[in-house]
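Survey of secondary and tertiary structure
So the chains spell out like this:
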Amino acid sequence: MTDEELHELAGKQTALGELRGAPAADPVNVPMIRHWLDAMGDTNPAYLEQGVAPPAMAQVWTMQGPRARAKDRSPVDDILVALDDNGYTGVVATNCEQTYHRYARLGESLTPATRFSGLTGPKRTALGVGFFATWNVTWYDEDDEPVAEMLFRVLKFRPPDKREALPPYPLRPAINQDTAFFWEGVEQGELRIQSCADCGELRHPPGPLCPRCRSANRAHTVASGEGTLFSYVVHHHPPVPGRETPFVVGVVELPEGVRIVGNIVDCPPEEVGIGMALRVTYRPMDDQLVLPMWTPREP
Ligand code: ZN
């Protein structure tokens, strides 16, 4: 269906005007009200004392499950299905405005009526290109008097192709005064560990002060590039831009006496084990960023 045809269908559905749906399966009743008040944390005793329903419950009385909805289609359903068929499968509610004419009373039965009131689009949104669909529902009592009304609007959008949408590797290390020496080392193929210029204590990650003597004088040493796996996790989810899951993130213990976090590569996750011997390797993530990672060291 073209965009013009979608608008044509919307025009037809709008021309249908207000269509009655199935009456509520149950009259306005105490158990539902009590349950709703409990779920909302509303402790006002007035509703049950006066035998009326909280107005915001309007939708509760007539909301249908998917099976009933398939039988009892509203003028909105055809539009939503057509949008789905056109690839606008994403949905997010953007507006809900309710108008209350009076309280619904215990024992009365409500009947909804729906009219489709507008389709705009396609529009470019932060979520993707999509259409805004708007409809109105009015709940009537047994005398055909309106009790409550609602305007509802959704954005039906075309979800962007995830692979396309994700930039190659957007995660960047924070490079600052404390960490610049480390990343300069990585560029030169050196694994640099910060040291205290006064007492010689090594520390990682880098920081402004020596945790042992509190000196702010810093130096660094170049690690051998060997280590053993102290601990690890296998990351399955969520997806990380520029990476294929699953991947292994390890805590590697260096013979120099500090631990460092990095990916374990060139080894299937099921073969990774605590205590395995590792060697640092430098892997380009894109044309700007190289990360130190860890690969199994042959015995
Ligand atoms: Zn120190």
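Parameters at a glance
Residues numbered from 1 in each chain as written. Predicted model: local features only at pLDDT ≥ 70, side-chain atom pairs only at ≥ 80, totals over all residues. Heavy atoms only, no water. Salt bridge = Lys/Arg side-chain N within 4 Å of Asp/Glu carboxyl O. Buried < 20%, exposed > 50% of the residue type's maximum accessible area, 1.4 Å probe, protein only. Domains from an automatic or database assignment. 1 Å grid on protein atoms, 1.4 Å probe; cavity = no way out; pocket = protein on both sides within 12 Å on 5 of 7 lines; lining within 4 Å. Points joined across faces, edges and corners; volume = space filled by probe spheres on them. Helix = DSSP H or I, 4+ residues; strand = E, 2+ residues; numbered from the N terminus. Nonpolar A, V, L, I, M, F, W, Y, C, P; charged D, E, K, R; others polar. Core = buried A, V, L, I, M, F, W, Y, C linked by side-chain atoms within 4.5 Å. Contact = heavy atoms within 4.5 Å. Donors = N, O, S within 2.8 Å, 3.2 Å for Na, K, Ca; no water. Tetrahedral: all angles 85-135°; square planar, octahedral: opposite > 155°, others 65-115°.

**What to know about the pattern of salt bridges**
- The full count for this structure, using the stated rule, is 11 salt bridges.
- For R102, the salt bridge is made with E108, and the minimal N-O distance between the two is 2.9 Å.
- Residue class for R102 comes out partly exposed when judged on its relative accessible area of 24%.
- For E108, a relative accessible area of 9% translates into the label buried.
- E190 serves as the salt-bridge partner of R192, at 2.9 Å between the closest nitrogen and oxygen.
- The network of salt bridges with shared partners includes R102, E108 and D141.

**Things to note about the domain arrangement of the chain**
- Looking at the assigned domains, one finds that the chain contains domain 1 (3-35 + 64-159) and domain 2 (180-296).
- On a C-alpha basis, the centroid separation for the pair domain 1 and domain 2 is 55 Å.

**A few points about the layout of surface pockets**
- When its volume is computed, the largest pocket comes out at roughly 700 Å³.
- Residue lining of the largest pocket: 27 residues in total, with R69, S74, D77, T114 and W135 positioned closest to the centre.
- Those elements that place two or more of their residues in the lining of the largest pocket are β1 (19-20), α4 (66-71), α5 (75-85), β3 (111-125), β4 (128-140) and β5 (146-157).
- When residues in the lining of the largest pocket are grouped by element, the largest group, 5 residues, is from α5.
- A per-class count over the lining of the largest pocket returns 16 nonpolar, 6 polar and 5 charged.
- Roughly 450 Å³ of internal volume is contained in the second largest pocket.
- Around the second largest pocket, the lining comprises 21 residues; the ones closest to its centre are W183, V261, G262, L291 and P292.
- Contributing elements (two or more residues each) for the lining of the second largest pocket: α7 (180-187), β10 (247-253), β11 (259-264) and β13 (290-296).
- The element that contributes the greatest number of residues to the lining of the second largest pocket is β11, accounting for 4 residues.
- A class-by-class count of the residues in the lining of the second largest pocket yields 15 nonpolar, 4 polar and 2 charged.

**So, empty space enclosed by the protein**
- On inspection of all chains with the given rule, the structure shows 1 cavity of 30 Å³ or more.
- Roughly 70 Å³ of volume is contained in the largest cavity.
- Taken together, A53, P54, P55, M57, A58, W61, Y100, R102, A104, L110, V147 and A148 form the lining of the largest cavity.
- Class assignment of the residues belonging to the lining of the largest cavity gives a composition of 11 nonpolar, no polar and 1 charged.

**Re the nonpolar core**
- Formed by 34 residues in total, the largest nonpolar core has its most connected members in W61, L83, F116, L119 and W135.
- When residues of this core are traced back to their parent elements, those giving at least two are α1 (3-15), α2 (30-40), α5, β3, β4 and β5.
- Contacts of W135, omitting those with residues within four sequence positions, involve V76, L80, T114, R115, F116, S117, M150, L151, F152 and V154.
- Counting 26 residues, the second largest nonpolar core, distinct from the first, contains W183, V258, V265 and V272.

**Quick notes on the coordination of the zinc ion**
- Those protein atoms acting as donors to the zinc ion are C196 (SG), C199 (SG), C210 (SG) and C213 (SG), and they sit at 2.3 to 2.4 Å.
- Geometry at the zinc ion is tetrahedral, judged from the 4 donor atoms that bind it and their angles of 102 to 115 degrees at the metal.
- If you list the donors of the zinc ion from N- to C-terminus, the spacing comes out as C-x2-C-x10-C-x2-C.
- Its relative accessible area of 2% is what places C210 among the buried residues.

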